[in-house]
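If you want the building blocks of each chain, they are given just below.
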Amino acid sequence: TSDVKAFVGTAQVHERTMATFTQARLQFIADEINEKWFPYLIKKGFALEGKTFNYPELIRAKERKLNPQAPTATEPPAPAKK
């Protein structure tokens, strides 16, 4: 019983840690694309002026941080309770 609770708690901590790590890596990649790749491609003639790259998961995470109670615009609302 207490072992199960300890395991569940540990698993939740690992899940949050992995989610934080994944979001940080996604943000790093998006920053690299926006700050290095897009300027290079623009110099090579690609029509990317004024464009930015971002992952939908990063957008949802930012929306959840700003308003944790409301569903985000990019995810469906929760089903109604009966």
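Right, let's walk through the structure included here.

So, how was this worked out
Residues numbered from 1 in each chain as written. Predicted model: local features only at pLDDT ≥ 70, side-chain atom pairs only at ≥ 80, totals over all residues. Heavy atoms only, no water. Helix = DSSP H or I, 4+ residues; strand = E, 2+ residues; numbered from the N terminus. Buried < 20%, exposed > 50% of the residue type's maximum accessible area, 1.4 Å probe, protein only. Contact = heavy atoms within 4.5 Å. Areas by Shrake-Rupley, 256 points an atom, 1.4 Å probe, with all protein chains shown as cover. Phe/Tyr/Trp six-rings, centres within 6.5 Å; stacked < 30°, edge-to-face > 60°.

**What about the overall build of the protein?**
Looking only at helices and strands, one finds two helices and zero strands in the protein. Here the protein holds 82 residues, and 9% of them are scored as buried. Contacts in the protein between residues at least 24 apart in sequence constitute 36% of all its contacts with a sequence separation of at least 6. Summing over all exposed atoms, the protein offers an accessible surface of approximately 7,200 Å²; the carbon and sulfur share of this is 62%.

**Structural notes on the packing of aromatic side chains**
Within the structure shown, the criterion is met by one aromatic pair. Note on Phe-53 and Tyr-55: the rings are 5.0 Å apart at their centroids and 80° apart in plane angle, and the pair reads as edge-to-face. Using a relative accessible area of 28% as the deciding quantity, one classes Phe-53 as partly exposed. Judged by its relative accessible area of 24%, Tyr-55 falls in the partly exposed class.

**A look at the environment of Thr-52**
The residue Thr-52 is located in the loop between helix 1 (2-43) and helix 2 (56-66) in this model. The sequence separation of Thr-52 and Asp-31 amounts to 21 residues, and the corresponding C-alpha distance is 9.4 Å. Residue contacts for Thr-52: discarding those within four places in its chain leaves Asn-34 and Phe-38.

That is the geometry; function is a separate question.
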